[in-house]
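# Summary of structural features
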Amino acid sequence: MITNRAISWQAKVRWFCLGLLFTGLTSCKYQVDGNQTKLQYMPDMATSPVARSQREYLDPPEGSISHDAILYPKTAEEAETLLINPFAGRWDEDTQKANGARLFGVYCAVCHGQDLKGHGTVQDKFPPPPDLASDLNKNRKDGFFFHRITYGTAVMPSYGHATSPHERWQIILHVRDLQKASANGSK
Ligand code: HEC
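Heads up: these notes are all about the structure in this document. Along every chain, residues carry numbers that run from 1 in the direction the sequence is written. Only residues with pLDDT of at least 70 get local features here, since the model is predicted, and only at 80 or more are side-chain atom pairs given and counted; chain-wide, interface and lining totals rely on the full set of residues. Just so you know, side-chain values use all the structure's heavy atoms and leave hydrogens and water out.

A cavity here means a set of points on a 1 Å grid, drawn over the protein atoms and nothing else, where a 1.4 Å probe fits but cannot get out; a pocket is an open set with protein on both sides within 12 Å along at least five of seven lines, and a residue lines either one if it has an atom within 4 Å of a point. Grid points are joined across faces, edges and corners, and a volume is the space filled by probe spheres set on the points. Approximately 520 Å³ is the volume found for the largest pocket. At the level of elements, helix H3 (93–107), helix H4 (109–112), helix H6 (142–151) and helix H7 (165–181) are the ones that each hand at least two residues to the lining of the largest pocket. Only DSSP runs of H or I with at least four residues qualify as helices, and only runs of E with at least two residues qualify as strands; both kinds are numbered from the N terminus onward. Tallying contributions element by element places H6 first for the lining of the largest pocket, with four residues. Class assignment for the residues of the lining of the largest pocket results in 20 nonpolar, three polar and two charged. Only Asp, Glu, Lys and Arg are considered charged, only Ala, Val, Leu, Ile, Met, Phe, Trp, Tyr, Cys and Pro nonpolar, and every remaining residue, Gly among them, polar.

Bringing the coordination of the iron atom of the ligand into the picture now. Coordinating N, O and S atoms are those within 2.8 Å of the metal (3.2 Å for Na, K and Ca), and as water is not part of the atoms, a site may appear to have fewer donors than expected. Within the first shell, the iron atom of the ligand binds the protein through His 112 (NE2) and Met 156 (SD), at distances of 2.0 to 2.1 Å. What the six donor atoms of the iron atom of the ligand show is an angle range of 83 to 179 degrees at the metal, which sorts the shape as octahedral. Taken together, the residues span a long stretch of sequence, with His 112 in helix H4 and Met 156 in the loop between H6 and H7 at a distance of 44 residues. To sort residues, take the accessible area from a 1.4 Å probe on protein chains only and compare it with the maximum for the residue type: under 20% means buried, over 50% means exposed, and anything in between is partly exposed. The exposure class assigned to Met 156 is partly exposed, which follows from its relative accessible area of 23%. Tetrahedral means four donors with every angle between 85 and 135 degrees, whereas square planar (four donors) and octahedral (six donors) require angles over 155 degrees between opposite donors and between 65 and 115 for all others; sites fitting neither are termed irregular.

With that out of the way, let us pick up the packing of aromatic side chains. Between the rings of Phe, Tyr and Trp (Trp by its six-membered ring), a pair exists once the centres lie within 6.5 Å; its type follows the angle of the planes, with under 30 degrees stacked, over 60 edge-to-face, and the other angles tilted. Taken as a whole and assessed by the stated rule, the structure comprises three aromatic pairs. Aromatic side chains Tyr 107 and Tyr 159 sit 5.6 Å apart centroid to centroid with 55 degrees between the ring planes, which places their arrangement in the tilted category. You can see Tyr 107 sitting in helix H3 and its partner Tyr 159 sitting in the loop between H6 and H7, a full 52 residues away along the chain. Note on Phe 146 and Trp 169: the rings are 4.2 Å apart at their centroids and 20 degrees apart in plane angle, and the pair reads as stacked.

Moving on, we come to the environment of Asn 99. Mapping Asn 99 onto the fold places it in helix H3. Separated by 75 residues in the primary sequence, Asn 99 and His 174 have C-alpha atoms spaced 8.6 Å apart. Here Arg 102 takes part through its side chain, which lies 2.9 Å from a polar atom of the side chain of Asn 99. Two N or O atoms form a polar contact when they lie within 3.5 Å of each other; inside protein one atom must be a possible hydrogen donor and the other a possible acceptor, and for residues adjacent in sequence the pair counts only when both atoms belong to side chains.

On to the side chain of Glu 80, then. Among the structural elements, Glu 80 can be located in helix H2 (residues 76–82). Buried charge without a salt bridge: Glu 80, with Arg 140 as the nearest opposite-charge side chain at an N-O distance of 5.3 Å. Contacts are assigned to residue pairs that have any heavy atoms within 4.5 Å of one another. Not counting residues up to four positions away in its chain, the partners in contact with Glu 80 are Asn 139, Arg 140, Lys 141, Gly 143 and Phe 144. A residue counts as positive if it is Lys or Arg and as negative if it is Asp or Glu; His and the chain ends are not included. A pairing counts as a salt bridge when a side-chain nitrogen of Lys or Arg comes within 4 Å of a carboxyl oxygen of Asp or Glu.

In structure tokens:
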């Protein structure tokens, strides 16, 4: 005997409603991040790595350095081996030196004295500085002086904030001249 298996319209409606309920319960999920797109129809460029202006920035490539970065060695000894005075022996060395002499008078002479011997105007009120015209200091390279002026020491104040790198090299040119002028620098 063949039974009539045709599904009644009531059953069709029931299954349809059950289907709707199932889809409704499973497809909607609470969105934690309101900016996130759950389903993209033709995504195009929506997910490409573009920085949104005023909101985020792209990290610089690894190992990159700012174009105006000034890199200083950590110790005076390291500076001595790595840094070279860019104005030494240059065609305009005398002009650079003249400004160095002026700056030496402004910043250094109060302690080190105009002859490098350490008899500046504050000599009674401050620990006496070493003789900058000693053989030891004559043999030191420009990079050492550059580091000392930039950072100072526990006793000597730093002048990195007051002078530009350019001005520090100028001061060193002048110090070299004073060292040459000092006949007997040993101490
Ligand atoms: C406030 C006083 C003072 C001023 C200003 C000063 N110095 Fe000094 N300087 C010292 C003293 C003190 C020492 C010794 C520091 C130490 O041994 O820790 C020293 C050490 C040095 C040294 C190292 C010498 C060595 O034998 O170790 C150099 C180079 C130097 N000064 C250069 C300069 C220059 C160039 C200027 C100007 C930009 C300057 N100093 C300004 C007091 C001063």
